[in-house]
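Single-letter residue listing:
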Amino acid sequence: MSFSKENYYQENFTKFSLSDEIIKSITYEECVFDGCTFINTKFLNCRFISCKFTECILSAVSPMDCRLIDISFYKCKTIGIDWTKTQQFREIVFKNCQLNYSNFKLLKIPDIKITDCEVKDADFAEADLSNGDFKNTDFENSRFFKTNLSNANFKGARNYSIDPGNNTLKKTRFSYPEALSLLNGLDIIIE
């Protein structure tokens, strides 16, 4: 599969694979990607607007200077992606996805939704995740440092390591018993 046009509007892409390709300056608007695979693919200066990705694999993809606006990922494997390379990244939803080894460092992505996901070894340092929804997500070995988590929802989330002294936690929702992990950074003994 090759993309020969500059603009794609309301198109469906089903079960195609791209590996070690470079895609430049293409706009995808209201497109659906179903069962597609992108491995080591470089997207340069592309725009994805109101698109849906379902059961796709995106591994070691580079979204250099891309704009992702109003995008949803459902049952996708988005592994090893440095989202900080995007030019614009907002109104993003991940549901039942794997986002392992992802980099969100310094991104301003309030209202992001990462629910029922596996997010292992990801970096959220200094990111603005305020009002984010992270229900039922596994954050094993993920990094939160100077991260704004105000009004975020971590109900049912697990394996997170969040130091309240090094992150902003205003009206952030957690559930028991995982909320006890918030005490890990304190020099206290619980009996």
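For the structure, see preceding data.
So, a few notes on the structure that sits alongside this text. Quick caveat, the model's predicted, so the values are computed rather than measured.

So, how was this worked out
- Here, residues in each chain are numbered from 1, in the same order as that chain's written sequence.
- Reporting in this predicted model follows two pLDDT cut-offs: at least 70 for local features of residues, and 80 or more for side-chain atom pairs to be given and counted; totals over whole chains, interfaces and linings ignore these cut-offs and use all residues.
- Only hydrogens and water are set aside when side-chain values are computed; all heavy atoms of the structure are taken into account.
- Working definition: helices are DSSP H or I runs of at least four residues, strands are E runs of at least two. Numbering for both runs from the N terminus.
- The buried label applies to any residue whose accessible area, calculated with a 1.4 Å probe on protein chains only, is under 20% of its type's maximum; exposed applies above 50%, and partly exposed to all values in between.
- What makes two residues a contact is simply this: any of their non-hydrogen atoms within 4.5 Å.
- Residue-level accessible areas treat just the shown protein chains as cover; the underlying method is Shrake-Rupley with a 1.4 Å probe.
- Note on charges: Lys and Arg go in the positive column, Asp and Glu in the negative column, and His and the chain ends are not counted at all.
- Charge placement uses NZ in Lys and CZ in Arg. For Asp and Glu, CG and CD serve respectively.
- A pocket here means an open set of points on a 1 Å grid, computed over the protein atoms alone, that has protein on both sides within 12 Å along at least five of seven lines. A cavity is instead a set of points where a 1.4 Å probe fits but cannot get out; residues with an atom within 4 Å of a point line either one.
- Grid points are joined across faces, edges and corners, and a volume is the space filled by probe spheres set on the points.
- The nonpolar class holds Ala, Val, Leu, Ile, Met, Phe, Trp, Tyr, Cys and Pro. Asp, Glu, Lys and Arg form the charged class, and all remaining residues, Gly among them, are polar.
- The pairing criterion for strands is at least two bridges between them, as found by DSSP.
- To obtain each axis, a line is fitted to C-alpha atoms, and for helices this fit is confined to the stretch in contact; angles are then taken between N-to-C directions over 0 to 180 degrees.

Further remarks concern the overall build of the protein. Along its length, the protein carries zero helices and 18 strands. A total of 191 residues make up the protein; the buried ones form 42% of that total. Restricting to contacts in the protein with at least 6 residues of sequence separation, those with at least 24 account for 1%. Surface accessibility of the protein: about 9900 Å² in total, with carbon and sulfur atoms responsible for 44%. Taking the average location of the 24 positive side-chain charges in the protein and that of its 26 negative ones, the two points are 3 Å from each other.

A word on empty space enclosed by the protein. Evaluation of the coordinates by the stated rule reveals one cavity of 30 Å³ or more. Of the pockets and cavities examined, the largest cavity occupies roughly 130 Å³. Among the residues making up the lining of the largest cavity, the classes are represented as 13 nonpolar, no polar and no charged.

The next point concerns the sheet that holds strand β12 (residues 62–64). The parallel open sheet is built from three strands, whose spatial order is β4-β8-β12. The outermost strands of the open sheet, each flanked by one partner alone, are β4 (22–24) and β12. Across this sheet, the average inter-strand angle for adjacent strands is 15 degrees, counted without regard to direction. Alignment of strand β8 (residues 42–44) against β12, held across three bridges, turns out to be parallel. What sits directly across from K42, in β12, is S62.

Here we come to the environment of S4. Secondary-structure assignment places S4 in the segment before β1 (7–9). Along the chain, S4 and I26 lie 22 residues apart, while their C-alpha atoms are 9.2 Å from each other.

Shape descriptors only; they carry no functional weight alone.
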